[in-house]
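A closer look at the structure
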Amino acid sequence: MASTADHTPGCNRLRVIFRVRVPGAEQDRFLDAYRRIRYQVSQVEGYLGDQVCQSEGDPEDWVITSEWASAAHFHAWERGADHRRLAAPLVACTTARESSRYHVRLSTAPGAEADRQLLEAKS
């Protein structure tokens, strides 16, 4: 059973959504560039994970989402030279780019309610 966890005060996770247009002829190159950099990015302090997604209805519409421990972690990464260097091959495959940032306020995970109940029963 899934549950929704309330935002914890002091928790400042940030979800970054990077929406891009990738022409059909560039899609393999785009995915190859993503594969080459993703493990390097995963080593950045505060990085929690990411996904690359392609639209079901428009194959040129792509989204990369990432989650960060805090806005400060993401902004430090974004300002760094490594960010620009690593992102350059991805950006080169795109015709349009849009970036949005959102603070995570609630989250849901499968089994979270059952886990919470088990922990409460043990205490």
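Small disclaimer: the values here were computed from a predicted structure and weren't measured.

The rules behind these values
- Residues numbered from 1 in each chain as written.
- Predicted model: local features only at pLDDT ≥ 70, side-chain atom pairs only at ≥ 80, totals over all residues.
- Heavy atoms only, no water.
- Phe/Tyr/Trp six-rings, centres within 6.5 Å; stacked < 30°, edge-to-face > 60°.
- Helix = DSSP H or I, 4+ residues; strand = E, 2+ residues; numbered from the N terminus.
- Buried < 20%, exposed > 50% of the residue type's maximum accessible area, 1.4 Å probe, protein only.
- Core = buried A, V, L, I, M, F, W, Y, C linked by side-chain atoms within 4.5 Å.
- Contact = heavy atoms within 4.5 Å.
- Pairing = 2+ DSSP bridges.
- Axes fitted to C-alpha atoms, helices over the stretch in contact; angles between N-to-C directions.
- Polar contact = N/O pair within 3.5 Å; in protein donor to acceptor, adjacent residues only side chain to side chain.

Details of the packing of aromatic side chains
Summed over the entire model, instances satisfying the criterion amount to four aromatic pairs. Taken together, a centroid distance of 5.5 Å and an interplanar angle of 80° make the contact between Y47 and W68 edge-to-face. One end of the pair, Y47, is in strand β3 (residues 47–54); the other, W68, is in strand β4 (residues 61–68), with 21 residues separating them in the sequence. One exposure class covers both Y47 and W68, and it is buried. In textbook terms, an aromatic cluster arises when at least three aromatic residues are bridged by ring pairs, as seen for Y47, W68, F74 and W77.

Topic: the nonpolar core
Among the nonpolar cores identified, the biggest contains 20 residues, and L14, F30, V41, W68, F74, W77 and L90 are the most heavily contacted of them. At the level of secondary structure, the elements contributing two or more residues to this core comprise β2 (14–21), α1 (27–41), β4, α2 (71–79) and α3 (81–91). Ranked by the residues each element gives to this core, the list is headed by α1, at five residues. Here L90 is in contact with F30, A33, Y34, I37 and I64, once residues within four sequence places are set aside.

Quick notes on the sheet that holds β4
If you walk across this open sheet you meet the four strands as β3-β4-β2-β5, and the pairing is antiparallel. Every other strand in the sheet has two partners, leaving β3 and β5 (96–103) as the edge strands with one partner each. Looking at each pair of strands side by side, their axes are set apart by 15° on average, direction ignored. Relative to β4, β2 runs antiparallel, the two being bridged by eight bridges. Considered in β4, the bridge of R19 is made with V63. Set on the sheet, α1 makes contact with β2, β3 and β4; between it and β3 the angle comes to about 170°.

Comments concerning the side chain of E67
On the secondary structure map, E67 appears in strand β4. Look at E67 and you get buried, because its relative accessible area is 11%. Only 2.7 Å separates the side chain of E67 from the side chain of R13, close enough to count as a polar contact. Excluding its chain neighbours within four sequence positions, the residues that come into contact with E67 are R13, L14, R15, G46, Y47, L48, G49 and V104.

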